[in-house]
Amino acid sequence: MTTDLKSMTRSVTAASVMELLPGRPRVLALGEPTHGEDVLLDVRNELFRQLVEQEGYRTVAIESDCLRGLRVDDYVTSGTGTLDDVMRRGFSHGLGASTANRELVRWAREFNEERPADDQVRLAGFDGPLEISHAESPRKALTALHACLTSAAVDAGLFPCTPETLDRLLGDDDRWTDPAAMRDPARSVGRSTEADRLRVLADDLVALLDAQAPHLVAATSRDVWERARLYGRTAVGLLRYHYWMADTSPSRMTRLLGVRDQMMADNLLALAERSPLLAHAHNSHLQREKSTIRMWDHPLLEWWSAGALVSTHLGEQYAFVATALGTIRHQGVDTPPQDTLEGLLHALSEGRFLLDAGRLSTFLGDLPLRPRESPWFGYAPLDPTHLPRINALVFLKDTPAPR
């Protein structure tokens, strides 16, 4: 079997990936089974460079705060700010500390030097302004949306509110970001009278933005309009997220997980309108199957991921390349058992390779593979039953200790 499997392996290149797809997708999603390993980001970086140079891709979107990501995009397209500042303030989830992420930003800035705006590489975050411990205040998104409409000289009589009204209703940002609200719904302000009013105003501001789109684009630029749409999506999504943080029903965490991935999906679909893109995030956010997780004292939670939602919208214009790992020894994840998918692949000699996931699934047939169990919570093994719904699989035999 090992010999037959080896004959199916390919090098991990953009050309090899494209050969496994029915066409060039609008969203090419590259998943990872864990966070914080630069070797996975090195694979992403190299694939993105090849997609840019060989396939005309111009955007990479990563699992980071979409609003912070605007700072990164400004730097790589116009040189605004410094690399150190961008890495410190342009990423969420600690991603700015990654050497590989720094290399991606540096490369993108160098690539864009002397290039016209319509041929530049763009970097985007597509996650909401959310952390596992809390959600951000909707202040930044709401006030920025209002400011975009004001800068385009939209008739003041059409606005549903003034900036002062927004400020009064938002109150102290600490009320919104209280970490205790993630575990205790009673600590959330998401269903307060002020929050209910803000949800209506956010909806009205987004409706005004949609109605004034021709004027806004003519008075400013398409980039300003797209940025305003991002502010609007984020404001509505954050207010919805806070609403469900205040929920006391058993479905509370399922709704929160779903709202987050809906925000991710909406951002990916908006980015795909501009140009084909490479999206990089955890496998669980990009897979076509339902995602699952166990959190705290909750039973198994299930929700539809951003990838499942985008795939439903785009069909074959969405492609999912999953990544699986053999070992992460510095996290206690040792050689996988032979009767797991990772165990079979780990027995091959190559350090990293690419496989046609559908062909692999057919080849394995009814082979009794059991799901791998990880001793470390931060690594999610690949479910072999997902292979038929994956376009391609990247496998890395061993994960080196962090640089």
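Residues numbered from 1 in each chain as written. Predicted model: local features only at pLDDT ≥ 70, side-chain atom pairs only at ≥ 80, totals over all residues. Heavy atoms only, no water.

The name that an unreviewed UniProt entry assigns to the chain is Erythromycin esterase-like protein, with the source organism given as Streptomyces candidus.

**Digging into the sheet that holds strand 2 (residues 59-65)**
Taken in spatial order, the seven strands make up an open sheet running 3-2-4-1-7-9-8, and their pairing is mixed. Taken across any chain shown, the strands that pair with only one partner, and hence form the sheet edges, are strand 3 (122-127) and strand 8 (352-356). Put simply, the sheet's adjacent strands are angled 25 degrees from each other on average, direction ignored. Here strand 8 runs beside strand 9 (residues 392-398); their pairing, made up of five bridges, is antiparallel. Following the sheet pairing, Phe353 is matched in strand 9 by Phe395. Along the sheet, helix 13 (residues 252-274) contacts strand 1 (27-32), strand 2, strand 3 and strand 4 (277-282); its crossing angle with strand 3, the most-contacted strand, is approximately 155 degrees. Relative to the sheet, helix 17 (residues 357-364) contacts strand 8 and strand 9, its axis offset from that of strand 8 by approximately 75 degrees. (Pairing = 2+ DSSP bridges. Helix = DSSP H or I, 4+ residues; strand = E, 2+ residues; numbered from the N terminus. Axes fitted to C-alpha atoms, helices over the stretch in contact; angles between N-to-C directions. Contact = heavy atoms within 4.5 Å.)

**A few points about the pattern of salt bridges**
All chains considered together, the criterion is met by 28 salt bridges. The residue Arg227 makes a salt bridge to Asp74 at a minimum N-O spacing of 3.0 Å. Taken as a pair, Arg227 in helix 12 (residues 222-245) and Asp74 in helix 4 (residues 69-78) lie far apart in primary sequence, 153 residues in all. The exposure class assigned to Arg227 is partly exposed, which follows from its relative accessible area of 24%. When its relative accessible area of 25% is taken as the criterion, Asp74 is described as partly exposed. Notably, a salt bridge pairs Arg389 with Glu289, separated by 3.9 Å at the nearest N-O pair. With Arg389 in the loop between helix 17 and strand 9 and Glu289 in the loop between helix 14 (283-286) and strand 5 (290-293), the pair connects residues that are 100 residues apart, well separated along the chain. Looking at Glu289, the relative accessible area reads 22%, which means it is partly exposed. (Salt bridge = Lys/Arg side-chain N within 4 Å of Asp/Glu carboxyl O. Buried < 20%, exposed > 50% of the residue type's maximum accessible area, 1.4 Å probe, protein only.)

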